[in-house]
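The primary structure of each chain is shown beneath.
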Amino acid sequence: MSDMPTISLRSRVKSALPEPARATLAWRHAVWGDLRLRLLAEVGHVPSHGVRNACYRAAGMALPETSSIHWRAEFYAPERIVIGDFCTIGDSAFLDGRSGLNIGDCVNLGSHVSIYTREHDVDACDFAETGAPVSVGHHAWISSNSIVLPGVTIGAGAVVAAGAVVVRDVPEFTVVGGNPARFIRERSRDLTYRLGYAKRFV
């Protein structure tokens, strides 16, 4: 068997195209990428969990039937977002999957929670993007209006208080709050609840 790397037929066809045709394909790809996100945002206004979730799955998101995403959610790179079982994600959430977003089981995200996996480097001469995956452990609770920044791991059972800005890892079973988020207290480790509650028409 040859040790030569396998090149897909699509890649071979693209490389054989003249530069103007490659530029046109790249433009179409970029336009479709932006349009897809706009369409998913519009789907977020449909008053049906079943319809919305089917569209999110069709866009590549790993979203089990036991979990719910309430209305007006928006996404980047939904195909790189993995949501566990029995999760409830509140209305107007923003989930960024560009560098990878993994949400565990029985996680609760309050309303207007934003999770980012990419940002701009303020010291880069070209304002380049940088990023890292975000991971949210089982039974974590990220309260309303919180912001989680790239590269953060939120441990199992951890709680992020409302309005917090999380810039560093949150240990398991701790409560943090503020901007930047800081330790407040420990949380009980005896957590057995399941979520997935889906409010009607929202």
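Residues numbered from 1 in each chain as written. Predicted model: local features only at pLDDT ≥ 70, side-chain atom pairs only at ≥ 80, totals over all residues. Heavy atoms only, no water.

Q: Is there a simple way to explain the sheet that holds strand β11 (residues 134-136) in this structure?
A: Backbone-to-backbone hydrogen bonds join strands into a sheet, with any given pair of strands oriented parallel or antiparallel. Taken together, the four strands give an open sheet; going across it, the order is β3-β6-β11-β14, and neighbouring strands pair in parallel fashion. Sheet topology places β3 (81-83) and β14 (153-154) at the edges, where each strand pairs with a single neighbour. (Pairing = 2+ DSSP bridges. Helix = DSSP H or I, 4+ residues; strand = E, 2+ residues; numbered from the N terminus.)

Q: Quick question: what am I supposed to make of the sheet that holds strand β2 (residues 74-76) here?
A: Here we have five strands laid out as an open sheet, ordered β2-β5-β8-β13-β16, and parallel in their pairing. Edge positions in the sheet fall to β2 and β16 (165-166), since each has one partner strand and no second. Relative to strand β5 (residues 94-96), β2 runs parallel, the two being bridged by three bridges. What sits directly across from Phe75, in β5, is Leu95.

Q: I tried to follow the pairing of strand β18 (residues 182-186) on my own but got confused; where do I start?
A: Two faces belong to every sheet, and in a regular strand the side chains alternate between them. When you tally the buried positions in β18, you get zero out of five residues, a small fraction of the element. Pairing of strand β17 (residues 174-177) with β18, which is carried by four bridges, proceeds in the antiparallel orientation. Each residue of the ladder has a partner; that of Gly177, found in β18, is Arg182. Connecting the antiparallel pair β17 and β18 is a turn made up of four residues, with Gly178 showing a positive phi of about 100°. (Buried < 20%, exposed > 50% of the residue type's maximum accessible area, 1.4 Å probe, protein only.)

Q: Quick question: what am I supposed to make of helix α3 (residues 49-58) here?
A: An α-helical turn contains 3.6 residues, so any two residues separated by three or four positions project in the same direction. Taken together, the buried positions of α3 are occupied by His49, Arg52, Asn53 and Tyr56. Seen from one end, α3 has its buried residues packed into an arc of 95°, which puts them on one side. A positive phi of about 105° marks Gly60, the residue just after α3. (Arc of directions from axis to C-beta.)

Q: I'm lost on the packing of aromatic side chains in this one. Help?
A: Aromatic rings in a pair are described by how distant their centres are and how their planes are angled relative to each other. Inspection of the entire model under this criterion finds three aromatic pairs. When the ring of Tyr56 is compared with that of Phe75, the centres are 4.8 Å apart and the planes differ by 70°; the resulting orientation is edge-to-face. Residue Tyr56 is located in helix α3, and its partner Phe75 is located in strand β2; the two are separated by 19 residues in the primary sequence. Looking at Tyr56, the relative accessible area reads 1%, which means it is buried. (Phe/Tyr/Trp six-rings, centres within 6.5 Å; stacked < 30°, edge-to-face > 60°.)

Q: How do you make sense of the pattern of salt bridges when you look at a structure like this?
A: Opposite charge on two side chains permits them to pair, given that their charged atoms come into close proximity. Within this structure, the stated rule accounts for six salt bridges. Between Asp91 and Arg72 there is a salt bridge, with the nearest N and O atoms lying 3.3 Å from each other. Linking Asp91 in the loop between β4 (88-89) and β5 with Arg72 in the loop between β1 (68-69) and β2, this pair joins segments that are 19 residues apart in sequence. Looking at Asp91, the relative accessible area reads 16%, which means it is buried. In this structure, Arg98 and Glu129 form a salt bridge, with 3.4 Å as the shortest nitrogen-oxygen distance. Of this pair, Arg98 sits in the loop between β5 and β6 (101-103) while Glu129 is found in strand β10 (residues 129-131), placing the two residues 31 residues apart along the sequence. Of the residues examined, Arg98 reaches a relative accessible area of 26% and is grouped as partly exposed. Judged by its relative accessible area of 40%, Glu129 is partly exposed. The structure contains a network of salt bridges with shared partners spanning Asp96, Arg98, Arg118 and Glu129. (Salt bridge = Lys/Arg side-chain N within 4 Å of Asp/Glu carboxyl O.)

Q: Looking at this model, I keep getting lost on the side chain of His70. Mind explaining?
A: Among the secondary structure elements, His70 is positioned in the loop between β1 and β2. Looking at His70, its side chain comes within polar contact range of the main-chain nitrogen of Lys199, at 2.9 Å. (Polar contact = N/O pair within 3.5 Å; in protein donor to acceptor, adjacent residues only side chain to side chain.)

Nothing here speaks to function; it is all geometry.
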